[in-house]
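Commentary on secondary and tertiary structure
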Amino acid sequence: MLIENSTKEVKAMQTIKTMEFNITQPPSDVLWQRKDVMLVAAGSGPCLRELYYRAVEQGKLQQLMFCLTTDDDYTMGTAEEKITRVIKQAAAVHGVQVVVLYLNCLDILTRLDFDYLESSLSEATGVMVRYFFRGPLGKMDIRHFKPVYEFMAELPEENGCISHNLYQLPPLATDVAGVIDTLPANEAKVLVAPSGCRACLRDGDLLEQTQGVYVLETKKQDFIYGIEDNCVKQCSELMSDGKYKSLNLISSAVAAFIGFDGNWVANSMENNLKTRSF
C-alpha cells in the first residue's frame, strides 16, 4: 500500500489510501537481517500492529516482542517499568545477543532515561541493550538519531540465532480504524498524530473502500507548543474547495498525551463547517 501526495486538494496534508503495498524498507527490516537481534517495541496499537505486519511479511515474529503502553502510562510514570520488564524477558530468550528498544513517539516525547536503561539492563541481563530512535520524531532528534546502518555498524559481530517461537497474538485493531471506517465517504477524516501513525491504517486496518482520510503534517514545535493552530490551518485549507461539507478529527495516543483540544479546533473552523472530534 502507498501514500500519495494530495497536491490537487491541499499541499499541507497527505491522503491515506489503501493501494498496492509498495513502501521503502523500514529500519525494522534491516535490524532483523541479524538473527541474534530481538526488537522490543513499546507503544500504542497502531505502532505495534504495523510492526506485526512487517514481522509476518519478513518471517521474523520470533524476533519481536511487544510492550503495549498508553498515554496514561507515560503520564503516570509506569511506562519505564513496563518496558524494563519486557526487555528482561527478551534478553532471556535463547539466542538473543542484542535487545533493541525500538522507540515510539511517546518514549521520545517523555525523555525516558535511555542511557540508564542501556547500561543497567545490559549489566543486569548479560545481554547488550540498545535503543533506536525511529519515526518522524526520532529523526528530528539530531543528538540521538542514527541511520539504521550506522546503528548496526556499532553492534558486535553476529553470534547466535533466535529460534524460540514466542506464540504472540497480533495486537488488536484500534478504535481509530473503526471510527474512520464507519464515517461516510463524503466526509473528511483527519488523523491528528505524527505522520508515522498513518502506516498501520494504510497497510492493513482501513477498509479498501474507505475514502477521504488525511493525516496532519507535523513539526517538532507542534508537540512542544501545541498542535491546534497547525491543525486549524491545515484543515481550513483542506475544506476550502468545498469538496467536503463535514470534517472529523480523529485523535491518537500522542495527541491525547500532549492535551490536544479537538473541541477548540472544531469551534475555530470557519464557515460554520460541521466539525467533530473523536
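Since this is a predicted model, take the numbers as computed values, not measurements. (Residues numbered from 1 in each chain as written. Predicted model: local features only at pLDDT ≥ 70, side-chain atom pairs only at ≥ 80, totals over all residues. Heavy atoms only, no water.)

Observations concerning the packing of aromatic side chains
One pass over the structure, following the stated rule, counts 7 aromatic pairs. Geometrically, the ring pair formed by F132 and F151 is edge-to-face, given 5.1 Å between the ring centres and 75° between the ring planes. Taken together, the positions of F132 in strand β5 (residues 128-132) and F151 in helix α8 (residues 148-153) put the pair 19 residues apart, joining distant regions of the chain. Its relative accessible area of 2% is what places F132 among the buried residues. By relative accessible area, F151 is classed as buried at 6%. Among the aromatic residues, those joined into a ring-pair cluster are Y102, F132 and F151. (Phe/Tyr/Trp six-rings, centres within 6.5 Å; stacked < 30°, edge-to-face > 60°. Helix = DSSP H or I, 4+ residues; strand = E, 2+ residues; numbered from the N terminus. Buried < 20%, exposed > 50% of the residue type's maximum accessible area, 1.4 Å probe, protein only.)

Thoughts on the confidence of the model for the protein
Detailed reading of the predicted coordinates is not advisable wherever pLDDT is low. Of the residues in the protein, 84% reach a pLDDT of 70 or more, and the chain-wide mean stands at 81. pLDDT under 50 marks residues 1-11. Its contacts with residues more than four places away, or in other chains, come to 35 contacts. (pLDDT = per-residue confidence, 0-100. Contact = heavy atoms within 4.5 Å.)

Here we look at helix α4 (residues 79-91)
Helix length check: α4, at 13 residues, gives a terminal C-alpha distance of 18 Å against a target of 18 Å (1.5 Å per residue), a fit within 8%. Along α4, the residues that are buried comprise A79, I83, T84, V86, I87, A90 and A91. (Expected span 1.5 Å × (residues − 1).)

Describing the environment of Q33
Mapping Q33 onto the fold places it in the loop between α1 (27-31) and β2 (37-43). Taking relative accessible area as the criterion, Q33 reaches 46% and is therefore assigned partly exposed. Separated by 25 residues in the primary sequence, Q33 and Q58 have C-alpha atoms spaced 9.5 Å apart. Each residue touching Q33, except ones within four places of it in the same chain, is listed here: Q25, Y149 and E158.

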